[in-house]
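Per-entry structural report
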Amino acid sequence: MATGEILWITPKWPLPVEDGARVATRALVRNLPGLGVKLDLLALAGNDESCDEASLRREFCPHGSGATAAYSTTRVVAVESA
């Protein structure tokens with residue numbers, strides 16, 4: 001099983017998954033915690049974006065939100081960009 005830590009930075013809030021960048025982000029990060037990788041997501045969200053952490057966890061953590069046997073703790077931070 002792989003182990004390690006990744007800080008994944010996105011230039012916008014990853015939901016809704018309606019464009020190519022968001023589809024790619026979901027596809028690439030969705031299963032990393034299940035491989036033993038501790039994943040921290042930093043989303044540089046704009047003022048016009050709705051940042052719902054619970055929805056993000058449901059979409060990006062298919063085996064449940066929060067820390068489980070398969071998932072390390074995932075922190076989600078929304079940063080308002082200028």
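What this report covers is the structure whose coordinates are included nearby. (Residues numbered from 1 in each chain as written. Predicted model: local features only at pLDDT ≥ 70, side-chain atom pairs only at ≥ 80, totals over all residues. Heavy atoms only, no water.)

A short note on the pairing of strand 2 (residues 37-43)
Applied cut-off: The buried label applies to any residue whose accessible area, calculated with a 1.4 Å probe on protein chains only, is under 20% of its type's maximum; exposed applies above 50%, and partly exposed to all values in between. In this description a helix means any DSSP run of H or I spanning at least four residues, a strand means any run of E spanning at least two, and both kinds are numbered starting from the N terminus. A pair of strands counts as paired when DSSP detects no fewer than two bridges linking them. Here is how to tell: hold the view so the strands point away, follow the path from the first strand over the helix to the second, and if it runs clockwise the crossover is right-handed.
Within strand 2, five of the seven residues are buried, leaving the element largely enclosed by the surrounding structure. Sheet analysis places strand 1 (residues 4-10) next to strand 2, joined by seven bridges and oriented parallel. Counterpart to E5 in the pairing with strand 2 is K38. Handedness of the β-α-β unit built from strand 1, helix 1 (residues 20-29) and strand 2 comes out right-handed.

Some remarks on helix 2 (residues 53-60)
Worth spelling out the cut-off: Directions are taken from the helix axis to each C-beta atom, and the arc is the one they span. Polar contact criterion, stated in full: a pair of N or O atoms within 3.5 Å, where within protein one must be able to donate a hydrogen and the other to accept it, and residues adjacent in sequence count only if both atoms are side-chain atoms.
Looking only at helix 2, the buried set comprises L56, R57 and F60. One face of helix 2 carries all of its buried residues, which in axial projection span an arc of 100 degrees. The N-terminus of helix 2 is capped by D52, whose side-chain oxygen sits 3.2 Å from the backbone nitrogen of A54.

A word on the pattern of salt bridges
Short version of the rule: For this analysis, a salt bridge means a side-chain nitrogen from Lys or Arg found within 4 Å of a carboxyl oxygen belonging to Asp or Glu.
Summed over all chains, the structure comprises seven salt bridges. Notably, a salt bridge pairs R26 with E59, separated by 2.3 Å at the nearest N-O pair. Residue R26 is located in helix 1, and its partner E59 is located in helix 2; the two are separated by 33 residues in the primary sequence. What emerges from the salt-bridge pattern is a single network uniting K12, E18, D19, R22 and E49.

Focus: the nonpolar core
Note the cut-off: Buried residues of nine kinds, namely Ala, Val, Leu, Ile, Met, Phe, Trp, Tyr and Cys, make up a nonpolar core once their side-chain atoms join them within 4.5 Å.
In terms of nonpolar packing, the biggest core is built from 11 residues, these being W13, L15, V29, L32, V37, L39, L41, A43, A45, L56 and F60. Broken down by secondary-structure element, the contributors of at least two residues to this core are strand 2 and helix 2.

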